[in-house]
Amino acid sequence: MKVTAQPSADTLTLHLDGELDASSAILLDTELAKPDILNYKKVLVDCAKLSYISSAGLGVFISHLQRFQDAEVKLVFFNMQEKVFNVFEILGLDALMTIVPTEAEATAA
Amino acid sequence: MLVLYSLYRPGGAGAALSSGATQGLLGLAVLASVGLLLLVFSKPEPAAEANPAFSPRRLEIASLQRLTQTIQRAKSSQEIYQVLLEAAVETAAADGAWLALAPGRPEGETSDVTDQYFQLAPEQLAALRQGLQHLDVQGVEFISNNLATNPHFVDAAIPFQSLVALPLQGPQHYYGTLYLLKEQPQGFDHGDLGILQTLASQAVLSIENLQLVVTSIQNQRTQEELKIASQVQDSLIPKNLPTDNWFEISSHSLAAKEVGGDFYDFLHLPGRRLAVLIGDVSGKGVTAAFHMAQMKGIFHALMQENPLAKNERDRFPVPSRFMTQANTALTHCLERSSFITSTLYIIDYEQGGFMFARAGHCHTLYYHAMREEVFYFDSAGLGLGIIRNDSYEKHIKNQFYDYSPGDVMVIYTDGIVEARGAESAEYGEDRLKEQLEACYYLDAEEIKNHILADLNGFTHGFPVHDDQTLLVIKFKSAQPVPLA
């Protein structure tokens, strides 16, 4: 699992590459837990290369959801593979989180 | 003694003798040297001073012996550091000493270890520390026999002229450095260093042995705890499945590790109704088992009859109400990154229907006998512990369904559909559906076995990553109760 952060003016894009499981969840959590992440208006998560997400991986996003909402930082997922989207959908997260097909839509969201 | 010693020397008295005589004399020499050792050990203090040639060796042996014996009894690294400092001071006849521990402590070492000192005033220590900082000798052996001329120590207000630094280096960890000091110059030679190295490596070995013991005790304790948790988890899974002539139930559960997060439970409700709960706690191990026990408690507590209910059907919470209440109850005890997926079914086999609410759990697989069709129930519903306020209610709903005899319901956890086979491929919902299409006409037990056989064929030779739970419920035409 690799997490690459790409900051621009008011948006931070996180590119996820690999399998997000219990061991790699710590890596992502460290990234999302940084205090200055709340200075951005939007955090876009590029899931193009995210091949698998476990419950521990979902737990990372869930645990920061409230914090992002309170700080009015938009969390938007894009380029999600169908298999990964299914995991979000079964858990009901598609109703809570913004998941869009493309980066253009994520930027516009 | 000096005469006997000379027998070893080539070209000495023994060299001119014949081989047979040499052997005899060598034997004598060996015997004599044993005697010499005995003599060394039994020698009283003043004699050692009288013969300084043997005193360092005597001290070396005695120190090593003491170190070894004490260290074997030592119960902490701290105790070993203390003994090492004392033994080193005694062996080298040092006037001052400091055992400086490295900042990063190895795993398994107790947190109460501290630096050790011998006859060092705080200001002397500060001066020494400052001088060493410039010298930068961390991790290397080092002797300075004339500190008065050393630019880093020339201004230091310390009464010492000689310094030896000895790192305590294990194969993987650097434990610290032992500094010994003497007041007179030329205080240490390479012979001293050799002896001190032996002491240091003995101490490092003992510290590492001690850590191995501590780690193995911890592992044993963890294993013990896992065993208990596993027993608790096992006792939470119902052993006797409900039986009735209106349905058949068959169940399977397999934990990936000692303790997993899958659970299921049944409860008979009055009015020929059966509540079936399945769930999966995120995470594994003792914490997951603990939350699973909580969920079971919540299930039994909430599924109590409400005597104030206005009509018969309100006496027990409907599934969506149950999930909302469970979500509230879990809010206070679930860590922020944990959640639970669950589905509650209330089967009314008098009315021939069931009601269920899916809280983020896997979709229910269903065989409809009259339409001869297999499908997944498609319904939205959020997992428990994700939203921790009243708005959860909006994210869960009930679904009703009338069943017919011959219908089959397959309830499972993600450990089944996410099981991995060759090239990390997942078993998947599609393959599970195909299996039910092929075996729906069998008994509940046979359907379960058919699915498991296919799953095991798919995952054969690959490790089980997640708990697997599978429940098969087959609805039947009511059979008359056989007369006894």
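Residues numbered from 1 in each chain as written. Chains lettered and ligands numbered in written order. Predicted model: local features only at pLDDT ≥ 70, side-chain atom pairs only at ≥ 80, totals over all residues. Heavy atoms only, no water.

Section: the overall build of chain A
Phase 1 of the analysis: Check the secondary structure of chain A and you find 4 helices and 5 strands.
Phase 2 of the analysis: Reading the secondary structure of chain A in the N-to-C direction produces β-β-α-β-α-β-α-β-α.
Phase 3 of the analysis: Taken across its 109 residues, chain A has 47% of its residues classed as buried.
Phase 4 of the analysis: About 5,100 Å² of surface is accessible on chain A, with carbon and sulfur atoms providing 52% of the total. (Helix = DSSP H or I, 4+ residues; strand = E, 2+ residues; numbered from the N terminus. Buried < 20%, exposed > 50% of the residue type's maximum accessible area, 1.4 Å probe, protein only. Areas by Shrake-Rupley, 256 points an atom, 1.4 Å probe, with all protein chains shown as cover.)

Focus: the side chain of Asn145 of chain B
Phase 1 of the analysis: Note that Asn145 of chain B resides in the loop between β3 (142-144) and β4 (162-169).
Phase 2 of the analysis: Reaching out from Asn145 of chain B, the side chain makes a polar contact with the side chain of Ser162 of chain B at a distance of 3.5 Å. (Polar contact = N/O pair within 3.5 Å; in protein donor to acceptor, adjacent residues only side chain to side chain.)

What about the interface of chain A and chain B?
Phase 1 of the analysis: The interface is formed by 17 residues belonging to chain A together with 21 residues belonging to chain B.
Phase 2 of the analysis: Broken down residue by residue, the surface that chain A buries against chain B is led by Ile62, Ile90 and Leu91 of chain A, which jointly contribute 39%.
Phase 3 of the analysis: Counting across the interface, chain A meets chain B through 1 salt bridge.
Phase 4 of the analysis: Here Glu19 of chain A makes a salt bridge to Arg420 of chain B, at a shortest N to O gap of 3.4 Å.
Phase 5 of the analysis: Counting the contacts that link chain A with chain B gives 3 residue pairs in polar contact (both at pLDDT 80 or more).
Phase 6 of the analysis: Among the secondary structure elements, those contributing two or more residues to the side of chain A that touches chain B are α2 (55-70) and α3 (82-91) of chain A.
Phase 7 of the analysis: Considering each element in turn, the side of chain A that touches chain B owes the most residues, 6 residues, to α2 of chain A.
Phase 8 of the analysis: For the side of chain A that touches chain B, the class distribution of residues is 9 nonpolar, 5 polar and 3 charged. (Contact = heavy atoms within 4.5 Å. Buried area = accessible area lost by both parts, 1.4 Å probe. Salt bridge = Lys/Arg side-chain N within 4 Å of Asp/Glu carboxyl O. Nonpolar A, V, L, I, M, F, W, Y, C, P; charged D, E, K, R; others polar.)

Some details on the sheet that holds strand β15 (residues 468-475) of chain B
Residues and elements named next belong to chain B.
Phase 1 of the analysis: Strand order in the open sheet formed by 5 strands is β6-β15-β14-β11-β12, with antiparallel pairing between adjacent strands. Across the chains shown, the open sheet's two edge strands, defined by having one partner strand only, are β6 (247-254) and β12 (373-376). Ignoring strand direction, the axes of neighbouring strands in this sheet form an average angle of 15°.
Phase 2 of the analysis: By the bridge criterion, 8 bridges tie β6 to β15 in an arrangement that is antiparallel. Across the sheet, residue Ser250 finds its bridge partner in β15, namely Val472. (Pairing = 2+ DSSP bridges. Axes fitted to C-alpha atoms, helices over the stretch in contact; angles between N-to-C directions.)

Some remarks on the nonpolar core
Soluble, globular proteins show a tendency: their nonpolar side chains are buried together.
Phase 1 of the analysis: One finds Phe61 and Phe88 of chain A together with Phe322 and Phe354 of chain B to be the most contacted residues of the largest nonpolar core, which totals 85 residues.
Phase 2 of the analysis: Residues Leu64, Val83, Ala87 and Val204 of chain B belong to the second largest nonpolar core, which totals 33 residues. (Core = buried A, V, L, I, M, F, W, Y, C linked by side-chain atoms within 4.5 Å.)

Description of the confidence of the model for chain A
If pLDDT is low for a region, its predicted coordinates should not be looked at in detail.
Phase 1 of the analysis: Counting all residues, the mean pLDDT for chain A is 93, and 100% of those residues have values of 70 or more.
Phase 2 of the analysis: Between the elements of chain A, mean pLDDT differs from a low of 91, seen in helix α1 (residues 22-33) of chain A, to a high of 96, seen in strand β5 (residues 98-100) of chain A. (pLDDT = per-residue confidence, 0-100.)

Details of unusual backbone geometry
Residues and elements named next belong to chain B.
Phase 1 of the analysis: The phi angle at Ala93 is positive, at roughly 50°, despite the residue not being glycine.
Phase 2 of the analysis: When its relative accessible area of 51% is taken as the criterion, Ala93 is described as exposed.
Phase 3 of the analysis: In this structure, Ser424 is a non-glycine residue whose phi angle is positive, near 60°.
Phase 4 of the analysis: With respect to the helices and strands, the residue Ser424 is situated in the loop between α10 (414-417) and α11 (428-439).

Some points on the packing of aromatic side chains
All names here are of chain B.
Phase 1 of the analysis: Summed over all chains, the structure comprises 24 aromatic pairs over all chains.
Phase 2 of the analysis: Between Phe354 and Tyr401, the aromatic rings sit 5.8 Å apart at their centres with planes inclined by 40°, giving tilted as the arrangement. Of this pair, Phe354 sits in strand β10 (residues 353-359) while Tyr401 sits in strand β13 (residues 398-402); the two residues are 47 residues apart in sequence, bridging distant segments of the chain.
Phase 3 of the analysis: On the basis of relative accessible area, Tyr401 is assigned to the buried category, the value being 17%.
Phase 4 of the analysis: Judged by centre distance (5.3 Å) and plane angle (65°), the ring pair of Tyr366 and Phe377 falls under edge-to-face. Of this pair, Tyr366 sits in strand β11 (residues 365-368) while Phe377 is found in the loop between β12 and β13, placing the two residues 11 residues apart along the sequence.
Phase 5 of the analysis: Overall, the relative accessible area of 0% leaves Tyr366 in the buried class. (Phe/Tyr/Trp six-rings, centres within 6.5 Å; stacked < 30°, edge-to-face > 60°.)

Observations regarding the pairing of strand β4 (residues 74-78) of chain A
All names here are of chain A.
Phase 1 of the analysis: When you tally the buried positions in β4, you get 4 out of 5 residues, the bulk of the element.
Phase 2 of the analysis: Here 5 bridges tie strand β3 (residues 42-53) to β4, and the two strands are oriented parallel to one another. Across the sheet, the residue bridging to Leu44 is Val76, located in β4.
Phase 3 of the analysis: Note that the unit made of β3, α2 and β4 has a crossover that is right-handed.
Phase 4 of the analysis: Note: β4 against β5, 3 bridges, orientation parallel. Each bridged residue has a counterpart across the sheet, and for Phe78 the counterpart in β5 is Val100. (Right-handed = clockwise from strand over helix to strand, strands pointing away.)

Here's the deal with α3 of chain A
All names here are of chain A.
Phase 1 of the analysis: By the burial criterion, the buried members of α3 are Val84, Val87, Phe88, Ile90 and Leu91. Down the axis, α3 shows its buried residues gathered within 165° of arc, on one side only.
Phase 2 of the analysis: Taken from the residues just after α3, Gly92 is the one with a positive phi, measuring 90°. (Arc of directions from axis to C-beta.)

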